[in-house]
Amino acid sequence: MNSLRRFVTTFFDWLRNLWSRERPRELAADEQLARFLLQSNQFSATKGLVKRRAFTPTTKGQTSVYRIQGLQPEGIYRLGRRHVAPEPTKTIYGWGTVLVRIVEAQGLSVVPDNRPPRHANIEGWPNDKDEQMLLAHELAAAASLALWS
């Protein structure tokens, strides 16, 4: 019976994820985005700050974020544990939260793809590394730090 219950739960989760991938919700300017912090050099706990390293784009010119509107801290942590750091050996120190309008004010865009659910990318980064660092610094300065203990 447990096997059947697991199968049914997994199947419906799969259907829900499939549906959400096809229909990403529209972005609101005041929607919160979380950047999960997996390295201690991405934040300062003593100063309560997110550092620019947290928002620096990958070589593909993207920064992965999650749409966390309506989630409590426990739900945000579970989201990160499930999709960002599923291995028990990886640590999620916390996350930096920034609003969509702050990202867009920097000339960047938030592109939801829901792969995995609630996922989006910050895109539109310039090619110049110094400009990327400046924009990442601006996002980090506007971000709120939430640490997970």
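Quick caveat, the model's predicted, so the values are computed rather than measured.

1. Description of the overall build of the protein
Reasoning step 1: Each helix and strand in the protein was counted, giving four helices and eight strands.
Reasoning step 2: Shown N-terminal to C-terminal, the secondary structure of the protein runs as helices and strands in the order α-β-β-β-β-α-β-α-β-β-α-β.
Reasoning step 3: The 149 residues of the protein split such that 34% are buried.
Reasoning step 4: Contacts spanning at least 24 positions in sequence make up 72% of the contacts within the protein whose residues lie at least 6 apart.
Reasoning step 5: Accessible surface computed for the protein: about 9300 Å², of which carbon and sulfur atoms make up 52%.

2. Here we look at the nonpolar core
Reasoning step 1: Among the nonpolar cores identified, the biggest contains 20 residues, and L33, F55, V103, L108, I122, W125 and L139 are the most heavily contacted of them.
Reasoning step 2: Where this core is concerned, the elements lending two or more residues are strand 1 (32-37), helix 3 (100-105), strand 7 (119-123) and helix 4 (129-142).
Reasoning step 3: I68, I76, Y77 and W95 belong to the second-largest nonpolar core, a separate cluster that totals 10 residues.

3. Looking at the packing of aromatic side chains
Reasoning step 1: Counting across every chain of the model gives five aromatic pairs.
Reasoning step 2: Pairing F36 with W95 gives two aromatic rings, centres 6.1 Å apart and planes at 70°, and the pair type is edge-to-face. Here W95 lies in strand 5 (residues 94-99) and F36 lies in strand 1, a separation of 59 residues in the sequence. By the burial criterion, F36 is buried, and W95 matches it.
Reasoning step 3: A network of ring pairs unites the aromatic residues F36, Y66, Y77, W95 and W148 as a single cluster.

4. Some thoughts on the pairing of strand 4 (residues 63-67)
Reasoning step 1: Within strand 4, four of the five residues are buried, leaving the element largely enclosed by the surrounding structure.
Reasoning step 2: The pairing of strand 1 with strand 4 spans two bridges and is classified as antiparallel. Within strand 4, the residue paired with A34 across the bridge is Y66.
Reasoning step 3: Sheet analysis places strand 4 next to strand 7, joined by four bridges and oriented antiparallel. Bridged to Y66 within strand 7 is H119.

Criteria and cut-off values
Residues numbered from 1 in each chain as written. Predicted model: local features only at pLDDT ≥ 70, side-chain atom pairs only at ≥ 80, totals over all residues. Heavy atoms only, no water. Helix = DSSP H or I, 4+ residues; strand = E, 2+ residues; numbered from the N terminus. Buried < 20%, exposed > 50% of the residue type's maximum accessible area, 1.4 Å probe, protein only. Contact = heavy atoms within 4.5 Å. Areas by Shrake-Rupley, 256 points an atom, 1.4 Å probe, with all protein chains shown as cover. Core = buried A, V, L, I, M, F, W, Y, C linked by side-chain atoms within 4.5 Å. Phe/Tyr/Trp six-rings, centres within 6.5 Å; stacked < 30°, edge-to-face > 60°. Pairing = 2+ DSSP bridges.

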